[in-house]
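Working through the structure, step by step
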Amino acid sequence: NLAGQVIAVLSSGNLVVEAQRVVTINGQKETIIVRGVLRPGDVGSDNTVPSTALANLEIELKGKGVVSDATRRPNPLVRALLWVIGF
């Protein structure tokens, strides 16, 4: 479950909603952001919405730490050194 908020109301009356959660994976903090379009009629009486009711669903994962550093391309000096030693 995620708690979210309405970030925009479209001209059709549909709502753009966004929710985020910070989790720790492999000793690194990751932020999961879920965004989508929702029809007002899909909001339940308890003010909840199943994820299957979201259209144009976007899931974004942002991280900072050791894992993220390893996925970035090394700087030119490091790339040259790796090329010289054969990696």
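Only a predicted model underlies this, so the values are computations on that prediction, with no experimental measurement involved.

Helix and strand counts for the chain stand at two helices and four strands. Going through the 87 residues of the chain one by one, you find that 17% of them count as buried. With the model as given, the accessible surface of the chain reaches about 6,900 Å², and the carbon-plus-sulfur share is 57%.

Before going further, it helps to examine the side chain of glutamate 30. Following the sequence through the fold, glutamate 30 ends up in strand β3 (residues 28-38). Judged by its relative accessible area of 9%, glutamate 30 falls in the buried class. Polar contacts involving the side chain of glutamate 30 include one to the side chain of glutamine 28, which spans 2.6 Å. Setting aside anything within four residues of it in sequence, one finds glutamate 30 in contact with Arg21, Val22, Val23, Ile25, Leu61, Lys62 and Gly63.

Take the pairing of strand β2 (residues 15-25) next. In this sheet, β2 lies alongside strand β1 (residues 4-9) in antiparallel orientation, the contact comprising five bridges. The residue of β2 that forms the bridge with glutamine 5 is glutamate 18. Linkage of β1 to β2, two consecutive antiparallel strands, is achieved through a turn of five residues, within which glycine 13 is found at a positive phi near 95 degrees. Bridge count for β2 against β3 is eleven bridges, and the pairing is antiparallel. Bridging across to β3, valine 23 finds its partner in glutamate 30. Linking two consecutive strands that pair antiparallel, namely β2 and β3, is a turn of two residues; a positive phi of about 55 degrees is found at asparagine 26 within it.

So, about a nonpolar patch on the surface. A cluster of nonpolar residues, Val78, Leu81, Leu82, Trp83, Val84 and Ile85, forms a patch on the protein surface that exposes about 640 Å² of accessible area. Here leucine 81 lies in helix α2 (residues 76-84).

Reading the values: rules and limits
Residues numbered from 1 in each chain as written. Predicted model: local features only at pLDDT ≥ 70, side-chain atom pairs only at ≥ 80, totals over all residues. Heavy atoms only, no water. Helix = DSSP H or I, 4+ residues; strand = E, 2+ residues; numbered from the N terminus. Buried < 20%, exposed > 50% of the residue type's maximum accessible area, 1.4 Å probe, protein only. Areas by Shrake-Rupley, 256 points an atom, 1.4 Å probe, with all protein chains shown as cover. Polar contact = N/O pair within 3.5 Å; in protein donor to acceptor, adjacent residues only side chain to side chain. Contact = heavy atoms within 4.5 Å. Pairing = 2+ DSSP bridges. Patch = residues over 30% accessible without salt bridge, like charges linked within 9 Å, V, L, I, M, F, W, Y side chains within 5 Å. Salt bridge = Lys/Arg side-chain N within 4 Å of Asp/Glu carboxyl O.

These figures capture arrangement, not role.
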